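The residues making up each chain are set out below.
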Amino acid sequence: SPPAPEPSPPSADQSGVTPIRAGWFLPRMGDFSLDIQQLLLVAALTVLLLFLVGFPADVFNKTYEDRREEIHQALRAVGVKRRYRLPAWLQAVLLTVIAVGAAFLSSRGEGPAENLPAGNWKLHLAALLVAVPLVTAAYSVPGELYLRRIRGKASLYVPPLGLAAGVLCAVFSQLCGLNPAYAYGLFLMFVLASKKPGPTEPQKARGVLWSVAGLSVLIALGWLGFSVNWHTAHAGHAGLLTVLIDAVAYWIVVIGAESLVFTLIPMRFLDGFTLAGWRLLSWLPLQVASGLFFWYVIQCRAEVDGVAPAEDQWLRALGFFLIFGLAATAFWGYFQWPGRPTARFSDTPPAPVYTMSRLTRPLCRLRKEAMAVRAAALPE
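These figures come from a predicted structure and were not determined experimentally.

S.K.: Could you clarify how one ought to interpret the overall build of the protein in this entry?
M.R.: Within the protein one finds 11 helices and two strands. For the protein, buried positions account for 46% of its 380 residues. Sequence-distant contacts in the protein: of pairs separated by 6 or more residues, those separated by 24 or more amount to 81%. Of the accessible surface of the protein, which amounts to about 19,500 Å², a share of 67% is contributed by carbon and sulfur atoms.

S.K.: Can you walk me through helix α2 (residues 68–77) in this structure?
M.R.: Among all positions of α2, only E70, I71 and A74 are buried. Taken around the axis of α2, the buried residues stretch over an arc of 100°, which confines them to a single face. G79 sits one or two positions beyond α2 and adopts a positive phi of about 100°.

S.K.: Is there a simple way to explain the nonpolar core in this structure?
M.R.: Across soluble globular proteins, you tend to see nonpolar side chains buried next to one another. In this structure, W251, W295 and F321 are the most contacted members of the largest nonpolar core, which totals 71 residues. Contributing elements (two or more residues each) for this core: α1 (36–66), α3 (88–106), α4 (121–151), α6 (201–233), α7 (240–263), α8 (271–278), α9 (280–299) and α10 (313–336). Looking at this core, the element that brings in the most residues is α7, giving 14 residues.

S.K.: Just to check I follow, could you spell out α4 for this structure?
M.R.: It helps to recall that an α-helix has 3.6 residues per turn; residues three or four apart then point in one direction. The first and last C-alpha atoms of α4 sit 44 Å apart over 31 residues, in line with the 45 Å expected at 1.5 Å per residue. The largest bend in α4 is about 25°, located at L145. Two residues or fewer after α4 comes G152, characterised by a positive phi angle close to 80°.

S.K.: Any chance you could explain the confidence of the model for the protein here in plain terms?
M.R.: Any segment with low pLDDT has predicted coordinates that should not be analysed in fine detail. Mean pLDDT over the protein works out to 77, with 77% of the residues at or above the 70 mark. Taken element by element, the predicted model of the protein shows its lowest mean pLDDT in strand β2 (residues 189–191) (61) and its highest in α6 (94). Segment residues 302–309 is flagged for pLDDT under 50; beyond a separation of four residues in sequence, or across chains, it makes 18 contacts in the model.

S.K.: How should I be thinking about the packing of α4 against α7 in this particular structure?
M.R.: The relative placement of two packed helices comes down to the angle between their axes together with the axis-to-axis distance. The geometry of α4 relative to α7 is characterised by a closest axis approach of 8 Å and an angle of 45° between their N-to-C directions. With respect to each other, α4 and α7 are oriented oblique. As α4 runs across α7, the sense of the crossing is right-handed. Facing L123, H124, A126, A127, L128, V130, A131, V132, L134, V135 and Y139 of α4, the residues of α7 in contact are L240, V243, L244, A247, V248, W251, I252, I255, G256 and T263. In terms of residue class, the contact of α4 with α7 is built from 18 nonpolar, three polar and no charged.

S.K.: How should the packing of aromatic side chains be read in this particular structure?
M.R.: The description of two aromatic rings rests on the distance between their centres and on the angle between their planes. In the structure shown here, the tally under the stated rule is eight aromatic pairs. With a centroid separation of 5.3 Å and 75° between ring planes, the pair formed by F331 and F335 is classed as edge-to-face. With F331 and F335 both in helix α10, this residue pair falls four residues apart, about one helical turn. Its relative accessible area of 21% is what places F331 among the partly exposed residues. Judged by its relative accessible area of 5%, F335 falls in the buried class. Between Y334 and F335, the aromatic rings sit 5.0 Å apart at their centres with planes inclined by 80°, giving edge-to-face as the arrangement. Judged by its relative accessible area of 28%, Y334 is partly exposed. Grouping aromatic residues by their ring pairs yields a cluster made of F60, Y64, F331, Y334, F335 and W337. The ring of W230 has R28 sitting right over it, with the charged end atom 3.7 Å from the ring centre.

S.K.: How should the environment of E65 be read in this particular structure?
M.R.: Positionally, E65 belongs in helix α1. Judged by relative accessible area, E65 falls into the partly exposed class, the value being 38%. Put simply, E65 and R268 are 203 residues apart on the chain and 9.6 Å apart in space, counted from C-alpha to C-alpha.

S.K.: Where do I start with the pattern of salt bridges in this structure?
M.R.: Two side chains of opposite charge can pair, provided their charged atoms sit close to one another. Scanning all chains against the criterion turns up seven salt bridges. We note a salt bridge from E144 to R151, for which the minimum N-O separation is 2.6 Å. No difference in accessibility class separates E144 from R151, as the two residues are buried. K204 is the partner of E201 in a salt bridge, and the nearest nitrogen-oxygen pair spans 3.4 Å. Taken together, the positions of E201 and K204, both in helix α6 and three residues apart, correspond to about one turn of that helix. Three or more residues joined by partner-sharing salt bridges are found here, namely D66, R67, E70 and R340.

S.K.: Explanation requested: a nonpolar patch on the surface in the structure shown.
M.R.: Nonpolar side chains collect at one region of the surface, where L86, W89, L90, V93, L94 and V97 lie side by side and expose about 550 Å² of accessible area between them. Among the secondary structure elements, V93 is positioned in helix α3.

S.K.: Please clarify how the environment of L286 should be interpreted in this entry.
M.R.: Tracing the chain through its elements places L286 in helix α9. In this structure the C-alpha to C-alpha distance between L286 and V261, which are 25 residues apart in sequence, comes to 9.0 Å. Those residues within four positions of L286 in sequence are excluded, and the remaining contacts are L209, V212, L264 and L275.

Scoring rules and cut-offs
Residues numbered from 1 in each chain as written. Predicted model: local features only at pLDDT ≥ 70, side-chain atom pairs only at ≥ 80, totals over all residues. Heavy atoms only, no water. Helix = DSSP H or I, 4+ residues; strand = E, 2+ residues; numbered from the N terminus. Buried < 20%, exposed > 50% of the residue type's maximum accessible area, 1.4 Å probe, protein only. Contact = heavy atoms within 4.5 Å. Areas by Shrake-Rupley, 256 points an atom, 1.4 Å probe, with all protein chains shown as cover. Arc of directions from axis to C-beta. Core = buried A, V, L, I, M, F, W, Y, C linked by side-chain atoms within 4.5 Å. Expected span 1.5 Å × (residues − 1). Bend = angle between axes of the 7 residues up to and from the residue. pLDDT = per-residue confidence, 0-100. Axes fitted to C-alpha atoms, helices over the stretch in contact; angles between N-to-C directions. Parallel < 35°, antiparallel > 145°, perpendicular 65-115°, else oblique. Left-handed = near helix turned anticlockwise from the far one by under 90°. Nonpolar A, V, L, I, M, F, W, Y, C, P; charged D, E, K, R; others polar. Phe/Tyr/Trp six-rings, centres within 6.5 Å; stacked < 30°, edge-to-face > 60°. Lys NZ or Arg CZ within 6 Å of the ring centre and 35° of its normal. Salt bridge = Lys/Arg side-chain N within 4 Å of Asp/Glu carboxyl O. Patch = residues over 30% accessible without salt bridge, like charges linked within 9 Å, V, L, I, M, F, W, Y side chains within 5 Å.

Below, the structure is given as structure tokens:
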């Protein structure tokens, strides 16, 4: 029998439940192209991403360490003395509501961000309500289960910084016209409340590896399910369950891929800092792999089924990471300003510029780690 015809673009009339418009723009597993120009562009963007997030993150980390006393004293002066924690279940609900709301309101194609009658905003919202908790659990639970064997149970804590990051990502997505929107800030923390000794830095890093593995498996399953189910969901006569699976799988891939890129940034308060501080050889392949997947599948999408995304999407995404770099640089620049309001909280002058970040430092660390691995592999 002849193969089934490809589904029509989302503007066509459909007798079944309308799938979310965003699903037309995510390539399936079979849509991969080995075009050399495309591969070279993805590789170049991945290398550029490492510089755009790695160097500013190092500047931020060094600045924070250098001005820690001044920062903490300034926070105490404005009344920030302790963490006021809500009940764990309420924190989880708050995280889900903010993450879903930010992604929904800033998404283009469905919802208030784009006034398109063909969009299915109800299905879109339902999919986010399922995908966001799944992505959060897939990342947070594996690492917590590993660390629980070492330091016992810990209390759930949603850092306000993570919630703020999610909101800011949504705002920047809207300003930059990014499609899909960036929805970061979905991860929980588990804070040790007892007097038991906490895990060592290597143990924390292994917990991060477990978390990354858990989310990577979910992304792979989501992309497989999206690819297998796509034709049926977009054929024009699909039922509610079929198009819901399509929408949930789409958002698992998108939010999961974006979250991995962000959380692996080697910046203080992010898990990439813990992993890179332990072993650069463990962090670098994961950051590169997440960057490649992000650029190829999420941003450098070829024309799929006659519905082409904006050709400058990758450029807009690059601008997003450039804003991140500028923010980190501004953080450093503030403490170089002699007339800053918080200067009175510290008598120590800022560290010289040349001590902030040097490219030779991580290269030397990589070389030493590679030599250590090679020496351990040699027979005695």
